Amino acid sequence: MRDEALIHFHYGKKISAGVQLPLNGGAAPELISEAAPWLDPRDPGRCVVGFCAAHPTLVGDITNAPPEGWQDWGFARWDDWFGRINGVFLVDLMQLRVVQYPLYSCGSQVVRCDLSALPRRLVPVAEWLAT
């Protein structure tokens, strides 16, 4: 049985193309944690590049970003998008959490993932002055 996973990075409504892992899909949270220093905290597309740079031999393919409205998708839609063994992992760059939509489930789950090694998060000057 194949151990696949698909990883998308998102910042608000902006979502990246998906990184397909044909093997080691169950290790996706650990692989995301290891790739954190190469991820861009505000640019989902650059996160795909960073993940590929961190794990060049593990990425099997890149898939399109999901269509508009993806943020309202439940389990069934994510399962239709990529219903394979370990399913879809959504890396939320705003909340620094990872949600998994695994196959053989009926919902999503937040998985343990250490994103503390992300490069310093940039804060707009206007926000910084307001605090």
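Refer to the preceding data block for the structure.
The text that follows walks through the structure, step by step, so that each part is easy to find. (Residues numbered from 1 in each chain as written. Predicted model: local features only at pLDDT ≥ 70, side-chain atom pairs only at ≥ 80, totals over all residues. Heavy atoms only, no water.)

**Some remarks on the overall build of the protein**
Part 1 of the argument: Counting its regular elements, the protein contains four helices and seven strands.
Part 2 of the argument: For the protein, the sequential pattern of α-helices and β-strands runs β-β-β-α-α-β-α-β-β-β-α.
Part 3 of the argument: Looking at the 131 residues of the protein, the share that counts as buried comes to 42%.
Part 4 of the argument: The long-range share in the protein, meaning contacts at least 24 apart out of those at least 6 apart in sequence, stands at 58%.
Part 5 of the argument: For the protein, the accessible surface area stands at approximately 7300 Å², while carbon and sulfur atoms represent 53% of it. (Helix = DSSP H or I, 4+ residues; strand = E, 2+ residues; numbered from the N terminus. Buried < 20%, exposed > 50% of the residue type's maximum accessible area, 1.4 Å probe, protein only. Contact = heavy atoms within 4.5 Å. Areas by Shrake-Rupley, 256 points an atom, 1.4 Å probe, with all protein chains shown as cover.)

**As for the packing of aromatic side chains**
Part 1 of the argument: For the coordinates displayed, the defined rule picks out four aromatic pairs.
Part 2 of the argument: Ring pairs connect the aromatic residues Trp73, Trp78, Trp81 and Tyr101, which therefore count as one cluster. (Phe/Tyr/Trp six-rings, centres within 6.5 Å; stacked < 30°, edge-to-face > 60°.)

**Structural notes on the side chain of Ser16**
Part 1 of the argument: Mapped onto the elements, Ser16 comes out in the loop between strand E2 (14–15) and strand E3 (18–21).
Part 2 of the argument: Of the residues examined, Ser16 reaches a relative accessible area of 2% and is grouped as buried.
Part 3 of the argument: Excluding its chain neighbours within four sequence positions, the residues that come into contact with Ser16 are His8, Phe9, Pro44, Gly45, Val48, Ala65 and Pro66.

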